[in-house]
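# Close look at the chain arrangement
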Amino acid sequence: MIKAVIFDMDGTVLNTLDDIWVAVNHALTQQGLSLKTKDDIKQAVGNGARTLIERVSPSTYSSDEKNHLFHLYQSYYDTHSNIYTKPYEGIIDLLKVLKEKGYLLGVVSNKFEHLVKGLNQDVFMNLFDVSIGEVKGIPIKPAPDMVYKALNQLHIGPDEAIFVGDSEVDIDTAKNANVKSVGVTWGFRDEALLRKHQAHYIIQHPIELIHILQKEKQS
């Protein structure tokens, strides 16, 4: 029986695109590089901040130059991560309903953990029981380790959780952790990609998750 719902953060519960876009272009501007569009960023996110910077860096950039660009980005984003960021419509209501129904809630993100915890506190009023992000020594998604960390903190097994995300990274993470997956269509990837990666369920609006959990309870 499903006891917990674990969510991805960027593109699933939070629309973080504008703040990430501004931070990337801030870093690029400091280096005199061409700016990126929002769509460029939308396609580049999902595998953590370092991979994001890898994807927006010029192909001629050395490792040291990419590392410097990363630090420019991260130092800016650390203090500007919640300027334009806001929950997607219906998410707060969904989380409150899930809480009322007795579900444990977690968020697992490839953001650095201090940012995940800060956003849980500042935006979600600590609705998430556990907030997991990138820390040294634990592989990030799509490796299953961060989900395992959340499961351990919630004191449940993989068969007692469902993972909700907007990208192929999230669907693959759930598969690697032996957790059922729900793909959402309002985030940073399209439905076709979620289907290609074999999400167990796909939803168009947050409240549809309630119907899925009811179905799981009856199965």
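To be clear, the structure that these remarks concern was listed above.
Residues numbered from 1 in each chain as written. Predicted model: local features only at pLDDT ≥ 70, side-chain atom pairs only at ≥ 80, totals over all residues. Heavy atoms only, no water.

## Focus: the overall build of the protein
- A count of helices and strands for the protein gives ten helices and eight strands.
- A globule of 219 residues ought to have a C-alpha radius of gyration of about 17 Å, and the protein, at 17 Å, matches this closely.
- Seen through its principal axes, the protein has C-alpha atoms that stretch 55 × 35 × 30 Å.
- Within the protein, contacts between residues at least 6 apart in sequence are counted, and of these 63% link residues at least 24 apart.
- For the protein, the exposed area adds up to about 10200 Å²; of that, 49% sits on carbon and sulfur atoms.
- Charged side chains in the protein number 23 positive and 28 negative. The centres of these two groups are separated by 3 Å. (Helix = DSSP H or I, 4+ residues; strand = E, 2+ residues; numbered from the N terminus. Rg over C-alpha atoms; globule rule 2.2 N^0.38 Å. Contact = heavy atoms within 4.5 Å. Areas by Shrake-Rupley, 256 points an atom, 1.4 Å probe, with all protein chains shown as cover. Lys, Arg positive; Asp, Glu negative; His and termini not counted. Charge placed at Lys NZ, Arg CZ, Asp CG, Glu CD.)

## Re the pattern of salt bridges
- Summed over the entire model, instances satisfying the criterion amount to eleven salt bridges.
- For Arg189, the salt bridge identified is with Glu168, shortest N-O distance 2.9 Å. Of the two residues, Arg189 is situated in the loop between strand S7 (180-184) and helix H9 (191-196) and Glu168 in helix H8 (residues 168-176); the sequence distance between them amounts to 21 residues. The two residues Arg189 and Glu168 agree in class, both being buried.
- Residues Glu191 and Arg195 are paired through a salt bridge, measuring 2.8 Å at the closest nitrogen-oxygen approach. Of the two residues, Glu191 and Arg195 are both situated in helix H9; the distance of four residues between them amounts to about one turn of the helix.
- Bridged by salt links that share partners, the residues Asp8, Lys141 and Asp170 form one connected network. (Salt bridge = Lys/Arg side-chain N within 4 Å of Asp/Glu carboxyl O. Buried < 20%, exposed > 50% of the residue type's maximum accessible area, 1.4 Å probe, protein only.)

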